[in-house]
Amino acid sequence: MLKKIIEDRVYSLLVLLTVVVVTAAFVFPATFPTFENFRQILLNLSIDTIVAVGMMILLVSGAFDLSVGSVVAFTGCLTAYLMHFYGIPVPVAITLGLTSALVVGFVNGYLIAYMGINPMIQTLAMMGIVRGFALMVSGSGIQNLPYWFNAIGQSKLLGIQMPVWYMLLTVGIFTFLLNKVVAFRQFYYIGGNERAADLSGIRVKRVKMAGFIISAMLAGLAGILLSSRLGAALPTMGRGLELRVITAVILGGASLSGGLGKIPGALLGALFMGIIANIMVISRISGYWQEIILGVILIGTLWLDKYLQKRYSGST
Amino acid sequence: MQSLQLDHITKKFPGVTALDDIVVSFLPGEIHAVAGENGAGKSTMMNILTGNLQPDSGEILLNGNKLVIKNPRDAFEYGIAIVHQHLSLVDSLSIAENIYANRQPHNRFGIIRFGELYKKTTVLLHELGLDELDPATPVTKLSAANRQMVEIAKALAQNPSILILDEPTASLTEKETAILFTILHRLRKQGTAIIYISHRLDEIFRLSDRVTILKDGKYQGTFATKDIAKDELIRRMVGREIKALKSQSTASTEIMLDVKNISGPRFKNISFQVYRGEIVGLAGLIGAGRTEIARTIFGADRLESGEIVLRNKKLDAHHPREAIANGIAYVPEERKSLGLFPDMSVADNIVSADLTLAAGGKFYNHSKARQTALRSRDQLGITSKGVEKKVTNLSGGNQQKVVLARWLLTRPDVLIVDEPTHGIDVGAKYEIYGILKDLAKEGKSILMISSDLPELIGLCDRILVIRKGIVAGEIARPDFSEEKIMSLAAN
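So, here's what we can say about the structure. (Residues numbered from 1 in each chain as written. Chains lettered and ligands numbered in written order. Predicted model: local features only at pLDDT ≥ 70, side-chain atom pairs only at ≥ 80, totals over all residues.)

Focus on the environment of H8 of chain B
Residues and elements named next belong to chain B.
Stage number 1. Looking at the secondary structure, you find H8 in strand β1 (residues 4-13).
Stage number 2. Expressed as a C-alpha distance, the spacing of H8 and S57, which sit 49 residues apart in the sequence, is 7.3 Å.
Stage number 3. Residues within four places of H8 in sequence aside, it is in contact with D21, V23, S57 and G58. (Helix = DSSP H or I, 4+ residues; strand = E, 2+ residues; numbered from the N terminus. Contact = placed C-beta atoms within 7 Å.)

What follows is the structure in structure tokens.
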């Protein structure tokens, strides 16, 4: 059991989270352990987590995507633009919005997998391009979105806001897919050893491209949810989101060299960051400290991981 | 029952014809060895059969029908399986997922049946005599030999009608090799066509029914193995008689390196001396701890206890930097990953061990570096026009000479070489032997780790056999024999 906790980040993070939550509950019994507070924490991290699921898939396959934050903004803005200025029905606008995310993912994936462009450079360029498009369609922002559109992100089920449910659904579905389904297991082979995957008959390029498409589509979904929740589409939505999400996913057990990580790790990584941020707000620590502490935690976690692996791997 | 035929296959690369109009048939129920030096075209042939490369002209025929093999997937479909040299495993995944990569048992929704996956793997591992392995173990935790066995299991799991093996025994012990041979004999009886590529001539004679010889991409004939003598086979592979390796000992009575009772995580209480001008061999199975001993002397691994004395002075090297400064050089085993900077030029690689020495002072002098590199090239006979091209464009033998050249620039007194001729062709091997002998004659002490027993016997003045981290025995030159070394190494 101890071995499992040390080797599997999902377990070690769960242990760590429990310790943090229990401690915080004792220190701030009135403000921290309340339904309202947890509901708020989950709502705040729901958008990030949906994007993080896609990022986890990419990191498993040995790549990453810096353009997701811009895709969140662009998809939200485009959907709002179509509804607001052309009166296009909600479902059609959403479909078109998601299609635009698909196109971005396809271009990223095609150029990286088939043309061999470095993912960092390709998605960095795309981050700027897509943000530009978002500004172009929305100007300074679009408000007064249709009622049914706002209902998607603002209604509640069992007292909890819908984005939280969408997040849990996404995590659940992709956990199952990446664990059990042949087509999705291939990401692990490619990230673990691309050449070996090729020699095993896996269509490496196609699967890599699929990773970028899935990641962009999830970012698109997140963008639509975010603008629905806000009741407005802003071109500045999702700024800095890509780095936050990569941080969460690395915390959750992914490795930049690929082949490692599980979907629940994405949720736990985001949850951990969310809870730490929440505790700092409750204890009235200044916002400046939050960024510093999160950075220190990320480095600390990875350092601890290396240390434990080194210490305990000798015995196997 | 399938027979595979190469019909006038030609494959050219810029500047070289890798395969020149090759015609050969592999028959069902035979073990067909393919022999040739590195660069003879064996790996090109294999890559064509598995769809990694396309021939420029000619056809591949399966039972007389033309095959188009565009990628490894197509090869699977036609029943061609290949055992790679631990190339095709994903370290982070389990044994079972590696063996059934891309062919996991699943239901019609694509959901993997893990129970069945593990059960099938257990059966397969049992066949290979690996009952102690758990199918869920990640490959990264396996020994080199077990990885190779997993690689073999992966090919067998495809029930191939044509099975290609590329140097399958390079990292196997005797026991596993015996299991592999038993399995190959059984498959032969069942009518599988087996193509066996090996540098080890002994195995070719022990195992194969027929042998096809390639040299410089040209077909040199196919022979019934029992009708061809070993000397004849070698002559056809290299096109000249190989002169026997016999060196006069150049060892003096002055102790250069004195290793006293050292221990580390993988070895215990190792003691030995190396004299000036002497070549000492370290024999043993893979994983016996030879590389770890070498790395510890070189300061790359931590010394737990004991001491290392160099020229009567205690050496306290915590980092290779200090060992190098004291005149120790280590040519590592994995040439590509540990010995070279593959994307840099021949010159950059040669001068990399000591930039100040090679390039004249604190500021890098390009023309001086180039001259140094050119001098080394001529000294060691590195075949390379100029020294500006990428080192990966050289053959394996020349790459190894580049690594040697680089370390000789540090003017070491003690040179440790780890598997110096692994995976390089026969001709280049002999050149490396010549270089090592000359170095010993100049008064350098050489510690040579090798799994190639004839090479150790031919070159060394003494051989230490390491078994499971201890010195199992020391053999003096008059008593050298492969049997003696193996009996000490295995047990």
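Remarks on the sheet that holds strand β14 (residues 305-310) of chain B
Residues and elements named next belong to chain B.
Stage number 1. What the 4 strands build is an open sheet, ordered β12-β11-β14-β15; its pairing is antiparallel. Whereas interior strands pair on both sides, the edge strands pair on one side only; in this sheet they are β12 (267-275) and β15 (313-315). Between one strand axis and the next, the sheet turns by 25° as a mean value, whatever way the strands run.
Stage number 2. Sheet topology places strand β11 (residues 255-264) next to β12; 6 bridges connect them, and they run antiparallel. For V259, the partnering residue across the bridge sits in β12 and is F272.
Stage number 3. Against the sheet, helix α9 (residues 290-297) touches β11, β12 and β14, its axis set at about 115° to β11. (Pairing = 2+ DSSP bridges. Axes fitted to C-alpha atoms, helices over the stretch in contact; angles between N-to-C directions.)

Structural notes on the interface of chain B and chain A
Stage number 1. Listed per partner, the contact involves 19 residues of chain B and 20 residues of chain A.
Stage number 2. Of the residues contributing to the side of chain B that touches chain A, the split by class is 9 nonpolar, 7 polar and 3 charged. (Nonpolar A, V, L, I, M, F, W, Y, C, P; charged D, E, K, R; others polar.)

A closer look at the environment of K189 of chain B
Stage number 1. Among the structural elements, K189 of chain B can be located in helix α6 (residues 174-189).
Stage number 2. In this structure the C-alpha to C-alpha distance between K189 of chain B and G29 of chain B, which are 160 residues apart in sequence, comes to 5.9 Å.

Overview of the nonpolar core
Stage number 1. With 153 residues, the main nonpolar core has V51, M55, M56 and V249 of chain A as its most contacted residues.
Stage number 2. Per-element accounting of this core gives the leading share, 14 residues, to helix α11 (residues 204-230) of chain A.
Stage number 3. In this view, V51 of chain A contacts V68, V72, L218, A219, A222, L241 and V245 of chain A; residues no more than four positions away in its chain are not counted.
Stage number 4. Counting residues in hydrophobic clusters, the runner-up holds 74 residues, among them L282, V391, L409 and V414 of chain B. (Core = buried A, V, L, I, M, F, W, Y, C linked by C-beta atoms within 7 Å. Buried ≥ 20, exposed ≤ 12 C-beta atoms within 10 Å, placed from the backbone.)

Details of the packing of helix α7 (residues 147-154) of chain A against α11 of chain A
All names here are of chain A.
Stage number 1. In the contact formed by α7 and α11, the axes pass within 7 Å of each other and the chain directions differ by 105°. Of the possible angle classes, the one that applies to α7 and α11 is roughly perpendicular. Touching F149, N150, I152, G153 and Q154 of α7 are L225, S228 and R229, all from α11.
Stage number 2. Across the contact of α7 with α11, the residue classes tally to 3 nonpolar, 4 polar and 1 charged. (Parallel < 35°, antiparallel > 145°, perpendicular 65-115°, else oblique.)

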